[in-house]
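# Topology and contacts: notes
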Amino acid sequence: MLTIDYDRLDLRPGMTVLDLGCGEGRHAFEAFRRGARVVAVDWGRHEVETTKRWLGAIAEAGEAPESARFEVVRGDLTALPFPDGSVDRVIASEVLEHIPDDATAIAEIARVLTPGGRVAVSVPRYGPERVCWALSDAYHANEGGHIRIYRRDVLRTRLAAAALTPGESHHAHALHAPFWWLKCAVGVDRDTAAVRAYHRLLVWDLTERPWLTRTAERVLDPVLGKSLVVYADKPAPARPAARQIAAAGTTDVERTAAAR
């Protein structure tokens, strides 16, 4: 289940992609299959081992180009172990809402991105997430749980504060919002018949991708999409002043010639 749109991320073969808070690797897998040099990072030891194992299986099965590479490391998202300007793309999906110092995490994303690079950030959308919080404390108030709910303008402002330029945004996973409302209403740890039935629907949608549910989700995403995704760019350096002066001089000459 992918939240990030790889076309909007403009991911191309050979790029170095950093998947932050990779979990069990869903976004890293797709980037690897697309021929990227993937570096997946998570703090959880289990998540790191699972992602490493599955990426290896994808490579052995020949599901990724021979040029694709991967590395999985355990790391702190507020102190990334990578040089400045060393990655072309960053994915931070459903992770910032877990980090107390999200400003430092975003600053680290900006630091490691190469000038002209792009990041895709996804967080739970304000409306559906607020409903979950109202229905259940157990949904979010636990170790490693969600500590904040972002509005779109707040997320864009925090990206801009790190000298990133926010661009396109969209919503995803509308069919998942009612599932989590149901879970929160009956108890997040309760496995009721209704919860099981809805879960079977989501698994069917994920594996079969039928026209009916895919169309329904596309229509409902702007209204009910559980995730908000924002793409932001790290500005490329301005042209050297000498070149700007030369360009300006050429323009002036051309204008003078045209006037004659």
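So, here is what we can say about the structure in this document. Within any chain, residue numbers begin from 1 and follow the written order of that chain's sequence. pLDDT decides what is reported in this predicted model: residues at 70 or higher carry local features, side-chain atom pairs at 80 or more are listed and counted, and totals for whole chains, interfaces and linings draw on all residues regardless. Heavy atoms throughout the structure, all of them, feed into the side-chain values; hydrogens and water do not.

### Observations concerning the side chain of His27
- Under the DSSP-based scheme used, a helix requires at least four consecutive residues in state H or I and a strand at least two consecutive residues in state E, with every element numbered from the N terminus. Note that His27 resides in helix 2 (residues 26-33).
- Two N or O atoms form a polar contact when they lie within 3.5 Å of each other; inside protein one atom must be a possible hydrogen donor and the other a possible acceptor, and for residues adjacent in sequence the pair counts only when both atoms belong to side chains. There is a polar contact of 3.2 Å between the side chain of His27 and the backbone nitrogen of Ile4.
- Contacts were defined at the residue level, with two residues in contact if any of their heavy atoms lie within 4.5 Å. Among all residues touching His27, those that are not within four sequence positions of it are Leu2, Thr3, Ile4, Tyr6, Asp19, Ile91 and Ser93.

### Topic: the packing of helix 2 against helix 3 (residues 45-60)
- Close contact between helix 2 and helix 3 brings their axes to 10 Å; oriented N to C, the two are set at 25°. On the basis of the axis angle, helix 2 is roughly parallel to helix 3. As for how helix 2 packs across helix 3, the hand of that crossing is right-handed. Every residue of helix 3 that contacts helix 2 at Ala28, Phe29, Phe32 and Arg33 is listed here: Thr51, Trp54, Leu55, Ile58 and Ala59.
- Under this grouping Gly is polar, as are all residues other than the nonpolar Ala, Val, Leu, Ile, Met, Phe, Trp, Tyr, Cys and Pro and the charged Asp, Glu, Lys and Arg. Class assignment of the residues belonging to the contact of helix 2 with helix 3 gives a composition of seven nonpolar, one polar and one charged. Throughout, an axis means a line fitted to C-alpha atoms (over the contacting stretch in the case of helices), and angles, computed between N-to-C directions, take values from 0 to 180 degrees. With respect to orientation, any angle under 35 degrees is reported as roughly parallel, any angle over 145 as roughly antiparallel, any angle of 65 to 115 as roughly perpendicular, and every other angle as oblique. Definitions for this section: a left-handed crossing has its near helix turned counterclockwise from the far helix by less than a right angle. A right-handed crossing has that turn clockwise.

### Remarks on the pairing of strand 2 (residues 37-42)
- Exposed residues in this analysis have more than 50% of their type's maximum accessible area, buried residues have under 20%, and partly exposed residues fall in between, with area computed by a 1.4 Å probe over protein chains only. Within strand 2, five of the six residues are buried, which leaves it mostly tucked inside the rest of the structure.
- Looking down the strands as they point away from you, a crossover is right-handed if its path from the first strand over the helix to the second goes clockwise. Note that the unit made of strand 1 (residues 16-20), helix 2 and strand 2 has a crossover that is right-handed.
- Relative to strand 3 (residues 69-74), strand 2 runs parallel, the two sharing six bridges. Counterpart to Val38 in the pairing with strand 3 is Phe70. Any two strands between which DSSP finds at least two bridges are classified as paired.

### Points about the pattern of salt bridges
- Each salt bridge in this description consists of a side-chain nitrogen of Lys or Arg and a carboxyl oxygen of Asp or Glu lying within 4 Å of one another. All chains considered together, the criterion is met by 15 salt bridges.
- One salt bridge in this structure joins Glu108 and Arg111, with 2.8 Å as the shortest N-O distance. Taken together, the positions of Glu108 and Arg111, both in helix 4 (residues 102-112) and three residues apart, correspond to about one turn of that helix.
- Residue classification places Arg111 among the partly exposed residues on the basis of a relative accessible area of 22%.
- The partner of Arg214 in a salt bridge is Glu217, and the shortest N-O contact between them spans 2.9 Å. Placement of the pair is Arg214 and Glu217 together in helix 9 (residues 211-224), with a separation of three residues, close to one helical turn.
- The exposure class assigned to Arg214 is buried, which follows from its relative accessible area of 13%.
- You can call Glu217 buried: its relative accessible area is 6%.
- In this structure, a network of salt bridges that share partners links the residues Asp5, Arg8 and Glu168.

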